[in-house]
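Residues per chain, in single letters:
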There are 2 protein chains.
Amino acid sequence: MPSLLLLSNSRNPGGEFLAHARGAIAGLLGAEPRRLAFVPYAGVTITPDAYVARVREALSPLGHSVESLHEGDPVEVLRQATGVIVGGGNTFRLLERLYQTDLLQRIRQKVLGGIPYLGWSAGANLACPTIRTTNDMPIVAPPSLAGLGLVPFQINPHYTDDVLPNHGGESRADRIAEFLLLNPAVPVVGLREGSWLRVEKGRVTLEGRHPMKLFRAGVPPEEIAAGADLTGLLG
Amino acid sequence: MPSLLLLSNSRNPGGEFLAHARGAIAGLLGAEPRRLAFVPYAGVTITPDAYVARVREALSPLGHSVESLHEGDPVEVLRQATGVIVGGGNTFRLLERLYQTDLLQRIRQKVLGGIPYLGWSAGANLACPTIRTTNDMPIVAPPSLAGLGLVPFQINPHYTDDVLPNHGGESRADRIAEFLLLNPAVPVVGLREGSWLRVEKGRVTLEGRHPMKLFRAGVPPEEIAAGADLTGLLG
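Residues numbered from 1 in each chain as written. Chains lettered and ligands numbered in written order. Predicted model: local features only at pLDDT ≥ 70, side-chain atom pairs only at ≥ 80, totals over all residues. Heavy atoms only, no water.

Asker: Looking at this model, I keep getting lost on the pattern of salt bridges. Mind explaining?
Answerer: Opposite charge on two side chains permits pairing when their charged atoms draw close. All names here are of chain A. Tallied over the full model, the rule gives 24 salt bridges over all chains. Here Arg56 makes a salt bridge to Glu71, at a shortest N to O gap of 2.8 Å. Pair noted here: Arg56 is in helix H2 (residues 48-59) and Glu71 is in the loop between strand E3 (65-68) and helix H3 (74-80), with a separation of 15 residues, a long-range link. Given the relative accessible area of 33%, Glu71 is considered partly exposed. Between Arg192 and Glu223 there is a salt bridge whose closest N-O contact spans 2.8 Å. One end of the pair, Arg192, is in strand E7 (residues 188-192); the other, Glu223, is in strand E11 (residues 222-224), with 31 residues separating them in the sequence. Here the residues in one salt-bridge network are Asp161, Arg192, Lys213 and Glu223, joined through shared partners. (Salt bridge = Lys/Arg side-chain N within 4 Å of Asp/Glu carboxyl O. Helix = DSSP H or I, 4+ residues; strand = E, 2+ residues; numbered from the N terminus. Buried < 20%, exposed > 50% of the residue type's maximum accessible area, 1.4 Å probe, protein only.)

Shown next as structure tokens:
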């Protein structure tokens, strides 16, 4: 039964990196010091060195150690880890690198084996059956869109109902409606910025500053308040 | 030497379907009546019947006949066509269907053989080497992201510099910058709504109501005015 913290975003407007969810992260990782393996592969415009430095700084008050997969033999870093962190960026790039390095199944096995998983944005997409509800541009082509499948539903991170005025592009809800027409068996959680899902002991809870929007095939989207028990989504 | 009209969008705010580009479409297709094959596969929330009806209505003043691939044997509809129209919608769905039906190469051969090509939004993405600069959600997984390759550069349709206030998602320019980091050899045309590229007799011209933004690796993005000759993009 995996323990997951799936964040919509890493930084709220005007806030510091991961600051809005630090309490929840502390709860996920617990008091005992952990060796956290960081997956920097979603980063495109940020170097892995800069990315892991940012993560170390944000989590330093929590007393765990962080090692990025690029700082050693990735298989060995992961083998020794007692927690895994998957950073945001471009979801296609993240998945491509995990297939290239043959690490996708290793991460999955570790998390199913009981080590906690923290992901934001692309890292939240990755925990889903596929990355078919990412917002990112498909700048590279992973061999499959299948993700870790740690939960049986999809997440759309950075969810918003806002649209650009005088612009003909589809709204986020339009895009998710298209997804559901072609993938009717899979619910989609529209996870607003500042919110996250906690999956622990077989329960799913929405936390953070906003309600989420739940999209299912054939029924109208549903607003669900923070604090709600979403365990039914584990189906 | 193919003749292409690649539109950012099908409808301007407050305008009618394809109305803003009707003159350019008339020029592409010429005075002689053509048999136009319509590719409806990008449509997800619109039925193929409704989609082709909309196209017929919009193009009826031009005096050509339009047959959708779904209205007959697609190979035969395409074989008899003297022009091809690829509608917008979801680019991943469009490409998946073209691979499933084995029509991608047939369309390419027809257009390289001289019949005119009209595409908007997803249909403009399709004409590029790949669909890696689409804005769409990857709701399905085509076996490859390779498109028709009728031009050697990428298009980002519905291009805009606007971003949602108080939202952490990447801007369009950020996404294209990510693309260029991983695909530095391929320029990207940010094609604003109301604009299109005309490719004819080995020349490329920007037309319509807005300048475009040209993104190339290693140099700042460049605003290019409508009317400009972009033939250099054909490399």
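Picking up where we left off.
Asker: Can you help me understand the packing of aromatic side chains in this one?
Answerer: Aromatic rings in a pair are described by how distant their centres are and how their planes are angled relative to each other. Under the criterion given, the structure shown has eight aromatic pairs over all chains. Here the aromatic rings of Phe38(A) and Tyr51(A) are separated by 5.0 Å at their centres, their planes lie at 75°, and the arrangement is edge-to-face. Taken together, the positions of Phe38(A) in strand E2 (residues 35-39) and Tyr51(A) in helix H2 put the pair 13 residues apart, joining distant regions of the chain. Here the two residues Phe38(A) and Tyr51(A) agree in accessibility, since each one is buried. Ring plane angle 20° and centroid distance 6.5 Å describe the contact between Phe38(A) and Trp120(A), whose orientation is recorded as stacked. Separated by 82 residues along the polypeptide, Phe38(A) in strand E2 and Trp120(A) in strand E5 (residues 117-120) bring together distant segments of the chain. Exposure class is identical for Phe38(A) and Trp120(A). Each is buried. Pairwise contacts between aromatic rings join Phe17(A), Phe38(A), Tyr51(A) and Trp120(A) into one cluster. Residue placement shows Arg54(B) over the ring face of Phe17(B); its charged tip is 5.7 Å from the ring centre. The aromatic ring of Tyr41(B) is capped on one face by Arg97(B), whose charged end is 4.3 Å from the ring centroid. (Phe/Tyr/Trp six-rings, centres within 6.5 Å; stacked < 30°, edge-to-face > 60°. Lys NZ or Arg CZ within 6 Å of the ring centre and 35° of its normal.)

Asker: How should I be thinking about unusual backbone geometry in this particular structure?
Answerer: With the exception of glycine, the majority of residues adopt a negative phi angle, and the majority of peptide bonds are in the trans configuration. For His158(A), which is not a glycine, the phi torsion comes out positive at approximately 55°. Structurally, His158(A) is set in strand E6 (residues 154-159).

Asker: What should I look at first to understand the nonpolar core in this one?
Answerer: Nonpolar side chains in soluble globular proteins tend to end up buried together. Among the nonpolar cores identified, the biggest contains 92 residues, and Tyr117(A), Leu197(A), Tyr117(B) and Leu197(B) are the most heavily contacted of them. Apart from the residues within four sequence positions on either side, Leu197(B) is in contact with Leu4(B), Leu5(B), Leu6(B), Phe153(B), Ile155(B), Val189(B), Leu191(B), Val204(B), Thr205(B), Leu206(B), Met212(B) and Leu230(B). Leu18(A), Ala24(A), Ile25(A) and Leu29(A) belong to the second largest nonpolar core, which has 23 residues in total. (Core = buried A, V, L, I, M, F, W, Y, C linked by side-chain atoms within 4.5 Å. Contact = heavy atoms within 4.5 Å.)

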